[in-house]
Amino acid sequence: MLRVGLTGGIGAGKSTVATRLAEHGALVIDADRIAREVVEPGTDGLAEVVAAFGEDVLAEDGSLNRPALAAKAFADDESRRRLNAIVHPRVGARTAELMERAAPDGIVVHDVPLLVENGLAAHYHLVLVVDAEPEVRVRRLVEARGMAEPDARARIAAQADTEQRRLVADVWLDNGGAPDIVLSEVDALWADRIVPYEANVRLRRVRPLPSLKPVPYDDSWPVQAERVIARVRAAVGPKGENIEHIGPTTEPGTEAPDVIDLRLTANADVTDELANAGFPHDPEDPPGLHRSADPGRPVTLAVV
């Protein structure tokens, strides 16, 4: 299946994008919703939370009193780790269970608000970031959610900033305007990139190389290379000894074909791992050469 990570700051309108992707047929897994489910009344998750933090984290109806829990769980690092040790394994298990339900040709969109903060980007074939200007987000939080403005600004400030999100974003969706604008972008993204990407991964098919005519140097090439390197490193694990960005796109200010070239030193066969991560080997290519299956980002990967 194709794994797509979806994230964005509070108030950016991520749910608008998630809903549209679901309408197109994606299986959307909402991490926040699962985190609430695993501590609902009657669950062993809630029982363990109460055992760890006391009966006063319960509301009168037996449900979790989230503000009361937050006051205790986020008071210090040890308390936060204790809560995470209870919730995260259950969220992971439930997420895996839902992903197993996806069809062999499925597209799974994992909606994770803290994808950047938790360092999860490398585990997806594609990462979509939904964004809007801070003032737009503040206004939405105040008007739509009834949040006090100082609280809204504090929530925004506590999350990853724009630059941190840009580092992991394969696709940047500006949702600061009218909803139909971002929805049209999602429609095009689905048809032109996501659907063919899924087919390429499933069929272990590489995308055709673009024109190799040199283009002006792109300041984002090193950042794009680091994203791909992280993805490859996560896929091959200890079988990969070293991976590096090579070729003309490493030379600042120099015109080059718009292709990210990488070299992976491996101590074992990594063909399957790379194919599953979106870097299959085309039988017509030389041995050890892998290329990207992503229609939106040409990559060549030499395994030595």
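As annotated in an unreviewed UniProt entry, the protein carries the name Dephospho-CoA kinase and comes from Amycolatopsis magusensis. Taken from UniProt, the Function (unreviewed entry) comment for the protein reads in full: "Catalyzes the phosphorylation of the 3'-hydroxyl group of dephosphocoenzyme A to form coenzyme A." Listed under Subcellular location (unreviewed entry) in UniProt, the entry text for the protein is "Cytoplasm".

Some remarks on the packing of helix α3 (residues 44–53) against helix α5 (residues 77–99)
Relative to each other, α3 and α5 sit at 170 degrees, their axes nearing to 10 Å. Taken as axis vectors, α3 and α5 run roughly antiparallel relative to one another. Note on element contacts: α5 touches α3 through S79, R82, L83, I86 and R90, opposite D44, G45, E48, V49, A52 and F53. Among the residues forming the contact of α3 with α5, the class breakdown is 5 nonpolar, 2 polar and 4 charged.

Digging into the packing of helix α4 (residues 66–73) against α5
It is at 8 Å that the axes of α4 and α5 come closest, and there the two elements cross at 125 degrees. Judged by the angle between their axes, α4 and α5 are oblique. Residues L69, K72 and A73 of α4 pack against S79, R80 and L83 of α5. Split into classes, the residues belonging to the contact of α4 with α5 amount to 3 nonpolar, 1 polar and 2 charged.

A few points about the sheet that holds strand β9 (residues 299–303)
What the 4 strands build is an open sheet, ordered β6-β7-β9-β8; its pairing is mixed. At either end of the open sheet lies a strand with only one pairing partner, and these are β6 (240–246) and β8 (289–291). The sheet shows a mean angle of 20 degrees between the axes of neighbouring strands, taken without regard to direction. With 5 bridges joining them, strand β7 (residues 260–266) and β9 adopt parallel strand pairing. Paired with I260 across the two strands is V299, which belongs to β9. Sheet strands in contact with helix α10 (residues 221–236) are β6, β7 and β9, and its direction is about 165 degrees off that of β6.

Quick word on the UniProt feature "binding site: ATP" (unreviewed entry) in the protein
As annotated in UniProt, the feature "binding site: ATP" (unreviewed entry) corresponds to G11, A12, G13, K14, S15 and T16 in the numbering used here. On the basis of relative accessible area, G11 is assigned to the buried category, the value being 10%. Ignoring any residue separated from it by four or fewer positions in sequence, one finds G11 in contact with R137, R140, L141 and R145. When you line up the elements, T16 lands in helix α1 (residues 14–24). For T16, a relative accessible area of 28% translates into the label partly exposed. Each residue touching T16, except ones within four places of it in the same chain, is listed here: N175, V182 and L183.

A closer look at the sheet that holds strand β5 (residues 171–174)
Here 5 strands make up an open sheet; going across it, the order is β2-β3-β1-β4-β5 and the pairing parallel. At either end of the open sheet lies a strand with only one pairing partner, and these are β2 (27–30) and β5. Averaged over neighbouring strand pairs, the angle between their axes works out to 20 degrees when direction is ignored. Alignment of strand β1 (residues 2–8) against strand β4 (residues 126–131), held across 5 bridges, turns out to be parallel. Among the inter-strand pairings, L6 is bridged to a residue of β4, identified as L128. Along the sheet, α5 makes contact with β1, β2 and β3 (107–111), crossing β2 at roughly 175 degrees.

Focus: the side chain of E198
One can find E198 in helix α9 (residues 179–203). E198 sits in the buried class, given a relative accessible area of 6%. Here E198 is in contact with L2, P104, D105, G106 and I107, once residues within four sequence places are set aside.

The rules behind these values
Residues numbered from 1 in each chain as written. Predicted model: local features only at pLDDT ≥ 70, side-chain atom pairs only at ≥ 80, totals over all residues. Heavy atoms only, no water. UniProt positions renumbered as here; feature names shortened; annotations may be inferred. Axes fitted to C-alpha atoms, helices over the stretch in contact; angles between N-to-C directions. Helix = DSSP H or I, 4+ residues; strand = E, 2+ residues; numbered from the N terminus. Parallel < 35°, antiparallel > 145°, perpendicular 65-115°, else oblique. Contact = heavy atoms within 4.5 Å. Nonpolar A, V, L, I, M, F, W, Y, C, P; charged D, E, K, R; others polar. Pairing = 2+ DSSP bridges. Buried < 20%, exposed > 50% of the residue type's maximum accessible area, 1.4 Å probe, protein only.

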